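Inside the fold
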Amino acid sequence: MKNIAIFASGSGSNFQAIVDAVQTGELAAHISLLVCDKPEAYVIHRARAANIPSFVFRAKEYPSKEDFEKEIARVLSRHNVEWIVLAGYMRLIGATLLKQYEGRIVNIHPSLLPEFPGKDAIGQALAAKARWSGVTIHYVDEGMDTGPIIVQERTPIEENETRESLQQKIQAIEHKLYPSILKMLLTIGDGKHDEKARTY
Ligand code: GRF
């Protein structure tokens, strides 16, 4: 069973969906750690309730990204973490973690990338009057939501769509898709060494 760390900055509904999938046996993984850069984030309560240890930090208390990522890397090694799962982590991953976990960092994003990367993808799609939105799961590289795409699932944007209704549809997709794709990835191996991971 693979050890994973989930990185999150906010409410953590995706964190919860993964925890639930592990608890029901749908996903054979061990969630070793939550990494969170926002001490007030609700996801920290979810981790505590699930008995999952957290590493919580404030970026501004470190001189640089390299410094806090080196500390994260040490904590991950201590917990024997093999994969990093980003679930609403609102920072770019830097060289330190990318090097240590090459091909083993994934992210979920609420748009059909490459459309609407970055913050507020749902608001961006509505403002652009896009007809479709959806969810992308992708490997992480140094860019903003730019790594190789593993899977996408789309949902239509209706005439009367509101931010709330679109968010609800997208989250419903995310909460099913992320655990099932993690199951596949943790079974077949990393994106660097296993071409099957890229052609799924
Ligand atoms: C999700 O929509 C995810 O796609 C994006 O950030 C959001 C996090 O939501 N990267 P939650 O904290 O998991 O509820």
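If you're wondering where the values come from, they're calculated on a predicted model, not measured in any experiment.

Some points on the site of the ligand
- The local shell around the ligand consists of Ser11, Gly12, Ser13, Asn14, Gly88, Ile108, His109, Pro110, Gln171 and Glu174.
- Note that an oxygen atom of the ligand is positioned 2.8 Å from one of the backbone N or O atoms of Asn14.
- Within the contact set of the ligand, an oxygen atom lies 2.4 Å away from a side-chain nitrogen or oxygen of Glu174.
- The fraction of the free accessible surface of the ligand (360 Å²) that becomes covered by protein chains is 84%.
- When residues of the shell around the ligand are traced back to their parent elements, those giving at least two are helix 1 (13–24), strand 5 (105–109) and helix 6 (163–188).
- Per-class residue counts for the shell around the ligand are two nonpolar, seven polar and one charged.

A word on the packing of aromatic side chains
- Under the criterion given, the structure shown has five aromatic pairs.
- With 6.3 Å between their ring centres and 80° between their planes, Phe57 and Tyr62 make a pair best called edge-to-face.
- Ring-pair connections join several aromatic residues into one group, and the members of that group are Phe55, Phe57, Tyr62 and Phe68.
- The positively charged end of Arg154 is found above the aromatic ring belonging to Trp132, 4.6 Å away from the centroid.

Re the pattern of salt bridges
- Summed over all chains, the structure comprises six salt bridges.
- One salt bridge connects Asp37 with Arg91, and the closest N-O pair in it is separated by 2.7 Å. With a gap of 54 residues between them, Asp37 in the loop between strand 2 (29–36) and helix 2 (43–49) and Arg91 in the loop between strand 4 (83–86) and helix 4 (95–100) connect regions that are remote in the sequence.
- Taking relative accessible area as the criterion, Asp37 reaches 3% and is therefore assigned buried.
- When its relative accessible area of 28% is taken as the criterion, Arg91 is described as partly exposed.
- In this structure, the salt-bridge partner of Glu61 is Arg58, at a minimum N-O distance of 3.8 Å.
- A residue is classified by how much of its surface remains accessible, and Glu61, at 60% relative accessible area, is exposed.
- For Arg58, a relative accessible area of 35% translates into the label partly exposed.

Focus: the confidence of the model for the protein chain
- Of the residues in the protein chain, 94% reach a pLDDT of 70 or more, and the chain-wide mean stands at 95.
- Predicted confidence for residues 194–200 stays below pLDDT 50, and this span has 16 contacts to residues more than four positions away or in other chains.

Section: the pairing of strand 2
- Most of strand 2 sits out of view: seven of its eight residues are buried.
- Relative to strand 2, strand 1 (residues 2–8) is paired through seven bridges, and the arrangement is parallel. Its bridge partner being in strand 2, Ile6 is matched across the sheet by Leu34.
- Between the parallel pair strand 1 and strand 2, the chain is carried across by helix 1, and the sense of this crossover is right-handed.
- Bridge analysis of strand 2 against strand 3 (residues 54–56) gives three bridges, and the strand direction is parallel. Its bridge partner being in strand 3, Val35 is matched across the sheet by Phe55.
- After leaving strand 2, the chain enters helix 2 and then returns to the sheet as strand 3, a path that is right-handed.

What about helix 3 (residues 65–78)?
- When the terminal C-alpha atoms of helix 3 are compared, their 20 Å separation across 14 residues agrees well with the 20 Å that a helix rising 1.5 Å per residue should span.
- Listing the buried residues of helix 3 in full gives Phe68, Glu69, Ile72, Ala73, Val75 and Leu76. Seen end-on, helix 3 carries its buried residues on one side only, within an arc spanning 165°. In helix 3, those exposed residues whose orientation departs by more than 90 degrees from the buried face are Arg74 and Arg78.
- Trailing helix 3 by a residue or two, Asn80 shows a phi angle of about 55°, which is positive.

So, how was this worked out
- Residues numbered from 1 in each chain as written.
- Predicted model: local features only at pLDDT ≥ 70, side-chain atom pairs only at ≥ 80, totals over all residues.
- Heavy atoms only, no water.
- Near = heavy atom within 4 Å.
- Polar contact = N/O pair within 3.5 Å; in protein donor to acceptor, adjacent residues only side chain to side chain.
- Areas by Shrake-Rupley, 256 points an atom, 1.4 Å probe, with all protein chains shown as cover.
- Helix = DSSP H or I, 4+ residues; strand = E, 2+ residues; numbered from the N terminus.
- Nonpolar A, V, L, I, M, F, W, Y, C, P; charged D, E, K, R; others polar.
- Phe/Tyr/Trp six-rings, centres within 6.5 Å; stacked < 30°, edge-to-face > 60°.
- Lys NZ or Arg CZ within 6 Å of the ring centre and 35° of its normal.
- Salt bridge = Lys/Arg side-chain N within 4 Å of Asp/Glu carboxyl O.
- Buried < 20%, exposed > 50% of the residue type's maximum accessible area, 1.4 Å probe, protein only.
- pLDDT = per-residue confidence, 0-100.
- Contact = heavy atoms within 4.5 Å.
- Pairing = 2+ DSSP bridges.
- Right-handed = clockwise from strand over helix to strand, strands pointing away.
- Expected span 1.5 Å × (residues − 1).
- Arc of directions from axis to C-beta.

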